[in-house]
Amino acid sequence: MTTSDSEEDTYDERSALMSSETPPVPSYQPEQSDPDPSAQGPVSRRAKRSGRGAGPEAELDEEEELTLKYGAKHVIMLFIPVTLCMVVVVATIKSIGFYTEKTNQRLIYTPFSEDEVSVGRRLLNSFLNSIVMISVIVVMTIFLVMLYKYRCYKFIHGWLILSSLMLLFWFSYLYLGELFKNYNMAMDFPTVGVLIWNFGAVGMICIHWKGPLQLQQAYLIIISALMALVFIKYLPEWSTWVILGAISIYDLVAVLSPKGPLRMLVETAQERNEPIFPALIYSSGMAWMVGMANPAEGRRQQSDAEAQEAGGSLEAEDSPDPPAGAQGACPSGEDQEEESGVKLGLGDFIFYSVLVGKAAATGGDWNTTLACFVAILIGLCLTLLLLAIFKKALPALPISIAFGLVFYFSTDYLVQPFMDNLATNQYYI
Amino acid sequence: MNLERVSNEEKLGLCRKYYLGGFAFLPFLWLVNVVWFFQDAFIKPAYTEQLQIKAYVKRSGLGLALWVAVLTTWITIYQHYRAQWGEVGDSLSFTIPLGIP
């Protein structure tokens with residue numbers, strides 16, 4: 001399979017997980033950032049908070065409590081899309097043979113073949129593959145950060161649109177083809193044409209312009225799943241695991257270290273007080289800026305999503321630009337209306353799904369798949385907990401992938417034979 | 001995008017754009033239009049733009065129904081007569097089932 005633009009895009013940014021609150025805000029509550037004394041508009045969702053009258057200590061406690069409560073809510077809000085993505089990928093892997101067929105084609109990002117006889121050579125090749133892949137990612141990310149720094153927005157938008165076009169039309173066309181072949185159904189070109197055209201066009205509209213939130217979320221999940229399937233098919237086996245590990249480390253470095261490209265991206269965007277790439281992020285809630293008569297002024301109240309980074313690498317999917325929508329929407333001087341949500345980069349979805357999908361494809365049986373699935377969710381939980389504590393952009397990959405890898409290898413090589421032996425010998429524990 | 005936070009004029013504009021967009025062979029867009037604006041058009045208490053939104057939603061629904069009818073007819077014909085059409089059937093086919101029916 002030849003490389004495509006979207007493949008290159010996939011490594012633009014590393015995944016990062018961000019709370020939808022402005023970093024300076026001490027608590028998780030969006031109202032806190034509202035400087036308007038007449039806040040707590042009628043539509044405010046935090047009804048509980050209006051009852052707070054006690055001293056600062058009581059306030060702090062309540063804030064913490066609410067922080068954790070809302071943190072828990074966000075965990076659930078992210079579980080569902082991540083689970084859905086993984087379910088789609090695993091279902092496809094298990095039912096459609098195409099994605100697990102051995103293929104000699106490789107992406108140019110993994111030039112070293114794994115058809116080696118000796119274990120050592122194969123291991124070496126997979127490490128070399130991952131080095132190539134990671135360097136491509138690093139270069140792409142730095143390129144993106146440079147473009148962003150020098151305000152080449154048009155270029156970036158064009159790139160993102162091209163990527164999503166590729167994904168929505170070409171990959172889904174291939175997927176549909178494989179689906180029909182698998183179930184031995186006849187399908188004609190006119191119908192397929194209409195289907196793909198509708199799917200792709202509505203997808204572009206929902207993602208890059210305005211559309212219902214659920215539909216946009218659904219599209220983001222679908223394209224993450226499609227991308228993950230491509231990776232599962234075209235990355236050689238051992239390279240996949242090494243690449244997963246390497247990407248987690250890169251993610252950690254890129255988001256947390258002071259000179260990391262992603263961190264620079266966040267900081268630049270925060271300086272400019274603008275949203276960092278609404279693209280490439282899955283947002284679980286909606287972010288609304290305060291409505292001001294003068295849209296330019298509205299930005300000073302910006303909180304929530306605006307300060308968030310477009311974590312995920314991969315997919316250039318532009319979610320509808322929150323500030324533009326909200327500014328145009330609210331008439332002048334309205335109370336700040338916010339619904340905090342959590343944002344997760346699409347790259348995170350993709351790599352989680354790659355891990356689980358690969359486990360489903362090559363692992364022993366469902367035990368391995370389920371173990372990896374649980375591991376990733378636990379990792380996600382922990383990451384969100386850290387997010388609630390630190391309240392700044394965090395890498396979402398490392399913890400989950402680390403757990404996932406540990407669980408995969410231990411289940412496949414230790415737990416699985418153990419369970420099989422127990423079952424064979426009819427020994428129940 | 002949450003419709004509740006959007007002004008009525010914007011809603012009307014959005015509904016209209018979705019309606020017009022559907023003419024580009026996009027019945028799915030009409031479906032999204034109907035589902036998304038259904039509440040605003042029929043269930044919410046009256047407001048200025050509601051009449052127009054209602055009109056757009058109804059027309060989108062009509063267009064959608066038309067498309068569904070056409071597609072269903074075509075798919076039925078194709079699936080039924082594909083084998084008999086011989087070469088024409090094959091050239092129309094995206095995937096051809098294998099094996100003996």
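On a predicted model such as this, the values are computed, not experimentally measured, just so you know.

(A) Local environment of the interface of chain B and chain A. With 32 residues of chain B at the contact, the number on the chain A side is 35 residues. Three residues, Met1(B), Arg5(B) and Phe94(B), lead the burial of chain B against chain A; their summed loss comes to 30% of the area buried on that side. For the pair chain B and chain A, the number of links is zero salt bridges. Along the contact surface separating chain B from chain A lie twelve residue pairs in polar contact (both at pLDDT 80 or more). With six residues, the single largest contributor to the side of chain B that touches chain A is helix α3 (residues 50–81) of chain B. When the residues that make up the side of chain B that touches chain A are grouped by side-chain class, the tally is 21 nonpolar, six polar and five charged.

(B) Fine view of helix α2 (residues 27–43) of chain B. Compared with an ideal rise of 1.5 Å per residue, which puts 17 residues at 24 Å, α2(B) spans 23 Å between its outermost C-alpha atoms and is within 8% of the ideal. Roughly 55° is the biggest bend found in α2(B), and it falls at Phe37(B). What α2(B) keeps buried is the set Pro27(B), Leu29(B), Trp30(B), Val32(B), Asn33(B), Val34(B), Trp36(B), Phe37(B), Asp40(B) and Ala41(B). As for α2(B), its buried residues are in contact with α5 (189–208) and α6 (213–234) of chain A together with α1 (8–21) and α3 of chain B.

(C) Expanded view of the pattern of salt bridges. Following the criterion strictly, the structure yields five salt bridges over all chains and no others. One salt bridge connects Lys181(A) with Glu178(A), and the closest N-O pair in it is separated by 3.6 Å. Separated by three residues within a single helix, Lys181(A) and Glu178(A) lie in helix α4 (residues 153–182), roughly one turn from each other. Accessibility expressed as a relative area gives 52% for Lys181(A), which makes it exposed. Owing to a relative accessible area of 15%, Glu178(A) belongs among the buried residues under this scheme. Among the ionic pairs, Lys44(B) bridges to Asp40(B), the shortest N-O distance being 3.3 Å. Lys44(B) gets classed as partly exposed once you look at its relative accessible area, which sits at 30%. Note on Asp40(B): relative accessible area 2%, which makes it buried. One salt-bridge network, held together by shared partners, links Lys11(B), Asp40(B) and Lys44(B).

(D) Highlighting the pairing of strand β4 (residues 342–345) of chain A. Residue and element names in this part refer to chain A. Burial of the side chains of β4 extends over both faces: Val 342 and Leu 344 are buried on one face and Lys 343 and Gly 345 on the other. Pairing between strand β3 (residues 281–283) and β4: three bridges, direction antiparallel. From the neighbouring strand, Ser 283 faces β4, where its bridge partner is Lys 343.

Criteria and thresholds
Residues numbered from 1 in each chain as written. Chains lettered and ligands numbered in written order. Predicted model: local features only at pLDDT ≥ 70, side-chain atom pairs only at ≥ 80, totals over all residues. Heavy atoms only, no water. Contact = heavy atoms within 4.5 Å. Buried area = accessible area lost by both parts, 1.4 Å probe. Salt bridge = Lys/Arg side-chain N within 4 Å of Asp/Glu carboxyl O. Polar contact = N/O pair within 3.5 Å; in protein donor to acceptor, adjacent residues only side chain to side chain. Helix = DSSP H or I, 4+ residues; strand = E, 2+ residues; numbered from the N terminus. Nonpolar A, V, L, I, M, F, W, Y, C, P; charged D, E, K, R; others polar. Expected span 1.5 Å × (residues − 1). Bend = angle between axes of the 7 residues up to and from the residue. Buried < 20%, exposed > 50% of the residue type's maximum accessible area, 1.4 Å probe, protein only. Pairing = 2+ DSSP bridges.

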